[in-house]
Amino acid sequence: MTSLTRDAARQRAELLSVRSYDLRLDLTIDDRYFGSVTTVRFSCLRPGSSTFVDVAASTLRSAVLNGRPLNLSRAFDADAGRLTLADLDATNELVVDAVMAYSHDGEGLHRHVDPADDRTYLYAMSFLDAAPRWFACFDQPDLKAPVTVDVRCPPDWTVAGNGPATEVEPGHWQLAATGPLATYFTTVIAGPYHQVRDTHDGVPLVLHVRQSLAEHLDRDAEELFAHTRTGLDELHRLFGVRYPWGEYHQAFVPEFNAGAMENPGCVTFRDQLIFRSRATDADRADRAVTIAHEMAHMWFGDFVTMRWWDDLWLNESFAEYLGHRILGEHTWAAFGIERKSWGYRADRRPSTHPVAGNGAADAAAALTEFDGISYAKGASALRQLAAHLGDEVFLAGLRRYMTTHGNGNAEFADLVAAWTEAGAVDLDAWAQAWLRTSGLDTLAIDAGEVVRQSPTGTPRPHAIAVAGFGSDGSELWRERVSVAADRMSVPHTAADQAASELVLPDAADETWAKVVLSDDAWGAMSTALAGFPDPRTRVMVWNALQLTVADAELDPVRAVDIVIGALPAETDDAIMATVGRWVQHTVAGSYLSETARADALARISAVMLTVASAGEPGSGRQLAAARLAIAATPDTVLLRRWLANDHLPAGLVIDTELRWAVLARLAQLGAVSEDEIDAEAAADHSSQGAVHAARCRAARPNASAKRAAWQTLMTDAERPNYELYAIAEGFWRPEQAAFTAPYVARYFDEIASTAKLRSGWVVDRLALVAYPWTAVEPATLEGTQRLLASDTLPPGLRRSIVDAGDDLRRALAVRQRFG
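Analysis parameters
- Residues numbered from 1 in each chain as written.
- Predicted model: local features only at pLDDT ≥ 70, side-chain atom pairs only at ≥ 80, totals over all residues.
- Heavy atoms only, no water.
- Phe/Tyr/Trp six-rings, centres within 6.5 Å; stacked < 30°, edge-to-face > 60°.
- Buried < 20%, exposed > 50% of the residue type's maximum accessible area, 1.4 Å probe, protein only.
- Helix = DSSP H or I, 4+ residues; strand = E, 2+ residues; numbered from the N terminus.
- Lys NZ or Arg CZ within 6 Å of the ring centre and 35° of its normal.
- Salt bridge = Lys/Arg side-chain N within 4 Å of Asp/Glu carboxyl O.
- 1 Å grid on protein atoms, 1.4 Å probe; cavity = no way out; pocket = protein on both sides within 12 Å on 5 of 7 lines; lining within 4 Å.
- Points joined across faces, edges and corners; volume = space filled by probe spheres on them.
- Nonpolar A, V, L, I, M, F, W, Y, C, P; charged D, E, K, R; others polar.
- Expected span 1.5 Å × (residues − 1).
- Contact = heavy atoms within 4.5 Å.

Draft legend 1. The arrangement of the packing of aromatic side chains in detail. Tallying each qualifying case throughout the model produces 40 aromatic pairs. Here Trp134 and Phe135 contribute two aromatic rings whose centre-to-centre distance is 4.7 Å and whose plane-to-plane angle is 75°, an arrangement assigned as edge-to-face. A relative accessible area of 0% places Trp134 in the buried class. Taking the centre distance of 6.3 Å and the plane angle of 45° together, the rings of Phe239 and Phe300 count as tilted. Of the two residues, Phe239 is situated in helix H3 (residues 214-239) and Phe300 in the loop between helix H4 (281-297) and strand E21 (304-306); the sequence distance between them amounts to 61 residues. The exposure classification of Phe239 matches that of Phe300, with both residues buried. Taking NZ or CZ as reference, Arg12 lies 4.5 Å from the ring centre of Phe52, over its face. Stacked on the ring of Trp434, the Lys or Arg Arg460 has its end atom at 5.5 Å from the ring centre.

Written as structure tokens, this is what we have:
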């Protein structure tokens, strides 16, 4: 399909006003295709004009405009996915009858057959421009309209979507008209889904999941409903506008690319969020934040929708910020270590961009900016803005924005106007510094002052805490500072300064900056870091460590020493898990030589095994430590014992997911056979089991395993998206260069062709995950640069290669400096 340009969208929006969509879906044809009949009613402001409707049909059976059949051979461009509509009337009705293909890539109308019981499940994913893959539409965010849906399906299925669903008779469902919807968040789910129901404050609440996960949903349903009730109550209070979408369905669906999608009235989530094995506290907290994030979208993004994709941040930054705010201060530590660290990486790459005002030329380009900047940096900027304006003005502006633009579209200028009317002053200067520039400021302490450097040339104001600490990490004092100049004094006494072994800026991890520490400060961290009482302080230091090592300013061996000294005492399992994965994958996997890598992994495994053995039995912290120990250990005897439920730490259970983690590590070490993987997959006869098995097969260090994996990645158009990702994750291992070396050059020769084999999200994601990150050599960087010199790469695939190449460039720089 041809990506819609901003200019074309503007012209079409100036010409048309869409009144309604009526969709009729026939899901009974066969296992490859479904019928889609769309009736769209719309007005034309200049009768006699022409436009086009977006439709990606396998077969376009007919199209009738105002009772006049269209000549499809002339009007329909199948490659572009566009049907030309000529000689429009003032009031128009278009009926498009199409046969469309089910997808296996998580976009359009995705079809999944659960291997656990052979039941079939469908869900529609329309973001960002996938709606035309399941119904004909004017696919742009500012042509919103009410939608009704009529569905024919097998009689044992249930159906849900944006509007309340009614079963007319077995196998026939109707979804009532909605409020105005943008096409990109229109959805339907269909299949023998298991449901759990509740009601809160007059809003019907429904949870959906595959039958094979029913017992796991039932176990956690009250927890999920509790988070939902909390979110509804808090968002009603914050916005002063009632939930506008009638029922609230939350569907946990298979093979979902994103974490979730904010379809009004029917949010879709990846079904890994229904835990079939034990989960850590961090796992559950992440799920709670995701629920709150998507609910915030019901107002920010759905009720008021951006006019064009360059204001995507209005959706995601606000949902990210509000999702954490709803659940309380305790969630900001996880935000810092998980989300900000993701955003920091994005903001330091060649592909960085401002939070706002990027002027995306088309939808495909806009999708490349759907990243940690749009989410984490934008949310961090909003935290700073709330501190800058004060909560009263901040919330008053949001309420004014909602009431003024509800059920319609808006731009960032409209939000600035709402805040200004609520009492904000000089927002343009703040927005210029925070939202229209890219990159990170740096913050440091020098001679009792906060020192700010702004590489962008546009200094940002920072509202932060500065704190002093003893050598054991105990906090001695804390002061609020508004950093509005390049050097700002900190209001504390000489006695405080003299007693402080360490003075740290941004001690509550509130802003968006790289904190620069002295060599002496890093020397003290093995002891002090574990003692900081505020987890947000620890997050700030851990993020500073990651940034400093990535900039080749600190020897990665010293970073391992700091991790070994401080991480075992970490009480927050989100911090433990994230830092542990970083030191294993990035530091040991990319920055260290082969000998140093083996030593680092052995040390990490040993200390994490000690934590798992000494930790509270059954705790999330114990589980997080056990996961890290398994992923790093070279000890196949230990892994075999754990697989046999022998010599386990008290309270640790080797359940389904942990069994697969053990088997994956054995596969990496060459200590598991193909037959054993097959047997484990047969015992765990589920879609998750199939994904784990695919990863294990690709991870085995032998030529035939790598050959089969590569063949699947580059040529199999039908393989489900999750299995492709797992194969790519298993393929590259630093210690397996003897088997993967031939595929480094092949990646650069072949990866572009996958854009002809598949489409959308899966192409871009696979290009990133399948990149030869373990080949930390100048030749790999040269291959990256040669590929990027091509002017035919799709934008999303190009972005993935740019980002992966930048990570490799940093790894080379670290090795060149430190050996």
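Further notes follow.
Draft legend 2. A look at the pattern of salt bridges. The tally for this structure, following the rule as stated, stands at 58 salt bridges. Here Asp220 and Arg219 are joined by a salt bridge, their closest N and O atoms 3.6 Å apart. With relative accessibility at 3%, the residue Asp220 sits in the buried group. On the basis of relative accessible area, Arg219 is assigned to the partly exposed category, the value being 46%. Note that Arg536 and Glu329 form a salt bridge whose closest N and O atoms lie 3.5 Å from each other. In this pair, Arg536 sits in helix H14 (residues 535-550) while Glu329 sits in the loop between helix H5 (312-327) and helix H6 (332-347), placing the two residues 207 residues apart along the sequence. Of the residues examined, Arg536 reaches a relative accessible area of 21% and is grouped as partly exposed.

Draft legend 3. Region of interest: empty space enclosed by the protein. Applying the stated criterion to the full structure yields six cavities of 30 Å³ or more. Lining the second largest cavity are 14 residues, and of these Thr2, Leu4, Asp129, Asp139 and Ala363 sit closest to its centre. Considered class by class, the residues forming the lining of the second largest cavity number seven nonpolar, three polar and four charged.

Draft legend 4. Broad picture of helix H22 (residues 687-699). The end-to-end C-alpha distance of H22 is 19 Å, a good match for the 18 Å that 13 residues give at a rise of 1.5 Å each. Among the 13 residues of H22, ten are classified as buried, and the element is accordingly described as predominantly covered. Among the residues making up H22, those that are buried are Ser687, Gln688, Gly689, Val691, His692, Ala693, Ala694, Cys696, Ala698 and Ala699. Looking at the packing, one finds that the buried side of H22 touches strand E9 (108-113), helix H20 (656-668), helix H21 (674-683), helix H23 (703-715) and helix H24 (721-731).

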